[in-house]
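# Working through the structure, step by step
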Amino acid sequence: MTSTPACVQPGSFLTLHYRMAGPAGDVISTFASKPATLTLGTGELSPAVEAHLLGLAEGSRATFELAPGVAFGQRNPEMLQWLARSELLDMGDPSEQYQVGDVVQFPTPDGQGQFAGSVQQLRSDEKGDAVLFDFNHPLAGQPVTFEVHVIGIL
């Protein structure tokens, strides 16, 4: 008697390797390290990405091409924000030096989590020192290649 492998369903707890890449290459990949564990529907992956996992069997491998903006939405210009150096000092390390391209973690307003912003520009003028952060997901508005190997399903 052969058993049918488990399939990914809403709420499944998964162990998997995955890779997400945009036009400039990989943004995240677990293939060279420890696999990820996550529960579908908890917001760890975008709903559009999770939808591609539904129905995959344990042990399966797949690659999906998502159109620009589907995986992480369109870029939102309101997510580009200048923060005064004084604000940054209040939130973190006073000796922190920011460079264009740095990714900085910020606490959520409730203090229970974090979100990231990437440094876009540095300014020092009569208005004071400030840093322009982009709080959009790095793959927002871009086509995304999503590759997955489903290792285990609970």
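See the structure above.
If you're wondering where the values come from, they're calculated on a predicted model, not measured in any experiment.

Moving on, we get to the overall build of the protein. Looking only at helices and strands, the protein features 2 helices and 9 strands. Secondary structure elements of the protein, listed N to C terminal, follow the sequence β-β-β-α-β-β-α-β-β-β-β. Principal axes of the C-alpha set define a box for the protein whose edges measure 75 × 30 × 25 Å. Classification of the 154 residues of the protein by burial places 34% in the buried group. Of all intrachain contacts in the protein linking residues separated by at least 6 positions in sequence, the fraction that spans at least 24 positions is 61%. For the protein, the accessible surface area stands at approximately 9300 Å², while carbon and sulfur atoms represent 53% of it. Side chains of the protein give 7 positive and 17 negative charges; the mean places of these two sets differ by 4 Å.

Let's shift gears to the pairing of strand E2 (residues 25–29). One ladder, built from 4 bridges, connects strand E1 (residues 13–22) with E2; its direction is antiparallel. Across the sheet, residue Met 20 finds its bridge partner in E2, namely Ile 28. The antiparallel pairing of E1 with E2 creates a hairpin that spans 2 residues between the two strands.

So, on to the sheet that holds strand E5 (residues 80–84). In space, the 4 strands of this open sheet follow the order E5-E8-E7-E6, with antiparallel pairing throughout. Pairing within the sheet leaves two strands with one partner each, and these edge strands are E5 and strand E6 (103–107). Ignoring strand direction, the axes of neighbouring strands in this sheet form an average angle of 45°. Sheet topology note: the strand E7 (residues 114–125)/strand E8 (residues 128–134) ladder contains 7 bridges and is antiparallel. Opposite Leu 122, over in E8, you have Val 131 as the bridge partner.

What follows is about the environment of Ser 60. Inspection of the secondary structure assignment puts Ser 60 in the loop between helix H1 (47–53) and strand E4 (61–66). Here Ser 60 falls in the buried class, since its relative accessible area comes to 19%. Each C-alpha atom of the pair Ser 60 and Pro 94 lies 48 Å from the other, and the pair is 34 residues apart in sequence. Beyond its immediate sequence surroundings of up to four residues, Ser 60 is in contact with Val 148, His 149 and Val 150.

This paragraph deals with the side chain of Ser 46. Mapping Ser 46 onto the fold places it in the loop between strand E3 (36–39) and H1. At a separation of 2.7 Å, a polar atom in the side chain of Ser 46 contacts the main-chain carbonyl oxygen of Ala 71. Those residues within four positions of Ser 46 in sequence are excluded, and the remaining contacts are Ala 71 and Phe 72.

Definitions and cut-offs
- The residue count restarts for each chain, going from 1 along the sequence in the order it is written.
- Reporting in this predicted model follows two pLDDT cut-offs: at least 70 for local features of residues, and 80 or more for side-chain atom pairs to be given and counted; totals over whole chains, interfaces and linings ignore these cut-offs and use all residues.
- Computation of side-chain values: all heavy atoms of the structure, hydrogens and water removed.
- In this description a helix means any DSSP run of H or I spanning at least four residues, a strand means any run of E spanning at least two, and both kinds are numbered starting from the N terminus.
- Buried, partly exposed and exposed residues are distinguished by accessible area as a fraction of the type maximum, computed with a 1.4 Å probe on protein chains only: under 20%, between the cut-offs, and over 50%, respectively.
- In what follows, a contact means two residues having at least one pair of non-hydrogen atoms within 4.5 Å.
- The protein chains shown are the only cover counted for residues, whose accessible areas, like all others here, come from Shrake-Rupley with a 1.4 Å probe.
- Charge counting follows a simple rule: Lys and Arg are positive, Asp and Glu are negative, and His as well as the terminal groups are ignored.
- Where a charge sits is defined by one atom per residue type, namely NZ (Lys), CZ (Arg), CG (Asp) or CD (Glu).
- Following DSSP output, two strands are said to pair if at least two bridges run between them.
- Axis lines are fitted through C-alpha atoms, for helices just across the contact stretch, and the angle between N-to-C directions can take any value from 0 to 180 degrees.
- Whenever a nitrogen or oxygen atom comes within 3.5 Å of another N or O atom, the pair is scored as a polar contact, on the condition that within protein one atom can donate a hydrogen and the other can accept it, and that pairs from neighbouring residues in sequence are kept only if both atoms are in side chains.

Keep in mind these values describe shape, not function.
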